[in-house]
Amino acid sequence: QVTLVESGGGLVQPGGSLTLSCTVSEYSFGIISVVMGWFRQAPGNEREFVAAISRGGTARDYADSVKGRFTISRDYAENTAYLQMNSLKPEDSAVYYCAADISGRTYYDREFNTWGQGTQVTVSS
């Protein structure tokens, strides 16, 4: 069974930065075989897509609302995916969830089926 463990959330002022981490564990094939993504959910809103990265790291996608400010990356040695968030805005406040597609589908047919527990990000002065 795959386990995703997020960390790195917290309180930050507008314009500040945070880096979220998601470590994949208990998966014998390792992060190399997994499409990774980040989603977020603010109170009263549905969970929304933030970013995704392919197995090889060559393809990345971002929500329009975070393009140019957020960067998704992955470290195979650490079995960890990251979300670097810069120029944070109050509207970025949400619970951020790490997600993985372990089905073996291609990156462009991805369906995230494994989720972390979430980490809170609050952007406020």
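About the criteria used
- Residues numbered from 1 in each chain as written.
- Predicted model: local features only at pLDDT ≥ 70, side-chain atom pairs only at ≥ 80, totals over all residues.
- Heavy atoms only, no water.
- Salt bridge = Lys/Arg side-chain N within 4 Å of Asp/Glu carboxyl O.
- Helix = DSSP H or I, 4+ residues; strand = E, 2+ residues; numbered from the N terminus.
- Buried < 20%, exposed > 50% of the residue type's maximum accessible area, 1.4 Å probe, protein only.
- Core = buried A, V, L, I, M, F, W, Y, C linked by side-chain atoms within 4.5 Å.
- Contact = heavy atoms within 4.5 Å.
- Phe/Tyr/Trp six-rings, centres within 6.5 Å; stacked < 30°, edge-to-face > 60°.

S.K.: It is not clear to me how the pattern of salt bridges should be interpreted in this structure. Could you clarify?
M.R.: Where charged atoms from two side chains of opposite charge come close, those side chains can pair. By the definition in use, this model includes seven salt bridges. Its salt-bridge partner being Arg40, residue Asp92 comes within 2.9 Å of it at the nearest N-O pair. Taken together, the residues span a long stretch of sequence, with Asp92 in the loop between strand S8 (80-85) and strand S9 (94-101) and Arg40 in strand S4 (residues 35-41) at a distance of 52 residues. Overall, the relative accessible area of 1% leaves Asp92 in the buried class. The salt bridge partner of Lys67 is Asp64, with a shortest N-O separation of 3.2 Å. Across the pair, Asp64 and Lys67 agree in class, each one exposed. Overlapping salt bridges, with partners in common, bring together Arg40, Glu48, Arg69 and Asp92 in one network.

S.K.: Would you mind going over the nonpolar core with me for this structure?
M.R.: Side chains of a nonpolar character, in soluble globular proteins, are inclined to be buried together. Ranked by internal contacts, the top residues of the largest apolar core, which has 29 residues, are Met36, Trp38, Val50, Phe70, Leu83, Met85 and Tyr96. Residue assignment for this core shows that the elements contributing at least two residues are strand S3 (18-25), S4, strand S5 (48-53), strand S7 (70-75), S8, S9 and strand S11 (119-123). In this structure Val50 touches Trp38, Phe39, Arg40, Asp61, Tyr62, Ala63, Val66, Phe70, Leu83 and Tyr96, once residues within four positions along its chain are discounted.

S.K.: Would you explain the packing of aromatic side chains in this entry?
M.R.: The way to describe two aromatic rings as a pair is by their centre distance and the angle between their planes. Applying the stated criterion across every chain yields a total of four aromatic pairs. Arranged with centres 5.7 Å apart and planes meeting at 75°, the rings of Phe39 and Phe49 form a pair that is edge-to-face. Of this pair, Phe39 sits in strand S4 while Phe49 sits in strand S5, and the two are 10 residues apart along the sequence. The partly exposed category is assigned to Phe49, whose relative accessible area is 26%. Between the aromatic rings of Tyr107 and Tyr108, the centroid separation amounts to 4.9 Å while the plane-to-plane angle is 80°, which identifies the pairing as edge-to-face.

S.K.: Explanation requested: the environment of Leu4 in the structure shown.
M.R.: Relative to the assigned elements, Leu4 resides in strand S1 (residues 3-7). In this structure, the C-alpha to C-alpha distance between Leu4 and Ser87, residues 83 residues apart in sequence, is 26 Å. In this structure, Leu4 is in contact with Cys22, Thr23, Val24, Cys98, Ala99, Ala100, Thr114, Trp115, Gly116 and Gln117, ignoring residues within four places of it in sequence.

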